[in-house]
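Listed below, chain by chain, are the residues.
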Amino acid sequence: MNFVVTPPATVSVPVTGTAGRFPVHRIYCVGRNYEEHAKEMGFTGREPPFFFLKPADALVVVDGGATGTLPYPSLTKNLHHEIELVVAIGTGGKNIQAADAQKHIFGYAVGLDMTRRDLQGEMKKQGRPWCIGKAFDHSAPIGPITPAAQAGDINHAEISLQVGNQDRQRSNVSKLIWNVAETIEHLSAAWELQPGDLIYTGTPEGVAAVVAGDTMVGRIAGLEPLTVKVA
Ligand code: MN
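Nothing here was measured: the structure is a model prediction, and the numbers come from that model.

Participant: Talk me through the coordination of the manganese ion; I want residue IDs and the actual numbers.
Facilitator: For the manganese ion, every protein donor is listed as E82 (OE), E84 (OE) and D113 (OD), and the spread of their distances is 2.0 to 2.1 Å. Here the donor residues for the manganese ion map to a single chain with the spacing E-x1-E-x28-D. For the pair shown, E82 and E84 are each scored as buried.

Participant: Summarise the nonpolar core; cite the residues concerned and give the values.
Facilitator: Residues Y108, I184 and M216 are the most contacted members of the largest nonpolar core, which totals 41 residues. Secondary structure elements with two or more residues in this core: β3 (27-30), β8 (83-89), β9 (105-112), β13 (158-163), α4 (180-190), β17 (215-220) and β18 (226-230). Non-local contacts of I184, meaning those with residues more than four positions away in its chain, are made with V87, I89, I96, A101, I105, L193 and I199. Counting 19 residues, the second-largest nonpolar core is a separate cluster that includes V11, V13, I145 and L198.

Participant: Give a description of the pattern of salt bridges that names residues and reports values.
Facilitator: Think of it this way: side chains of opposite charge can pair up when their charged atoms draw near. Summed over all chains, the structure comprises 11 salt bridges. Note that R32 is salt-bridged to E47, the shortest N-O span being 2.9 Å. With R32 in the loop between β3 and α1 (35-40) and E47 in the loop between α1 and β4 (51-54), this residue pair connects regions lying 15 residues apart in the sequence. Exposure remark for R32: the relative accessible area of 15% places this residue in the buried category. Measuring nitrogen to oxygen at the nearest pair gives 3.2 Å for the salt bridge that ties R170 to E158. Separated by 12 residues along the polypeptide, R170 in strand β14 (residues 166-172) and E158 in strand β13 bring together distant segments of the chain. Judged by its relative accessible area of 39%, R170 is partly exposed. Overall, the relative accessible area of 41% leaves E158 in the partly exposed class.

What counts and what doesn't
- Residues numbered from 1 in each chain as written.
- Predicted model: local features only at pLDDT ≥ 70, side-chain atom pairs only at ≥ 80, totals over all residues.
- Heavy atoms only, no water.
- Donors = N, O, S within 2.8 Å, 3.2 Å for Na, K, Ca; no water.
- Buried < 20%, exposed > 50% of the residue type's maximum accessible area, 1.4 Å probe, protein only.
- Core = buried A, V, L, I, M, F, W, Y, C linked by side-chain atoms within 4.5 Å.
- Helix = DSSP H or I, 4+ residues; strand = E, 2+ residues; numbered from the N terminus.
- Contact = heavy atoms within 4.5 Å.
- Salt bridge = Lys/Arg side-chain N within 4 Å of Asp/Glu carboxyl O.

Shown next, in the form of structure tokens:
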């Protein structure tokens, strides 16, 4: 086939224990999915899950043991980290019930939902889309995907983020307001999930700013850590 411009390359993520790679289709993100984070953002209580998207080429793919580079983005003076469990969809579907969700999951990774908080806040105030605050280039660092069978009890895994030697975020995946299976149920009612979709499941409390020179280390028990330096 002849293309009139060069077609974009397929974005892919390494998979632990194999040379095979996971090709990325879409990146879905869940908003305010830990109670303590909802509170720090000025909200309370359990609300229905809501979603936004990032483009697949916003990923910063970091190999196991490597340090990724995140160029400090334009337009912001308040770049925030959000450590998140990422779910990789291996089998697509729509109207997936929570009880059936597990068989649609290929694996899990550690991800960062980087946020231009000042721009997101301005868009919220004006009732406009969050894209400029959330879906910018390099906004989605991710480490290798661990296949689900090797990830242990991910629904009760400790999740943490350190900047330098300082603890910034520390919680447990069990504190998700909408757990992984429930998230897949809600998400697949709105979109037909496809193999290659990634779901950033939301961040616990402790979100804060990073500046050029900072190194972030994200960890979720059972998965490969994610190390990213802000350039
Ligand atoms: Mn987030």
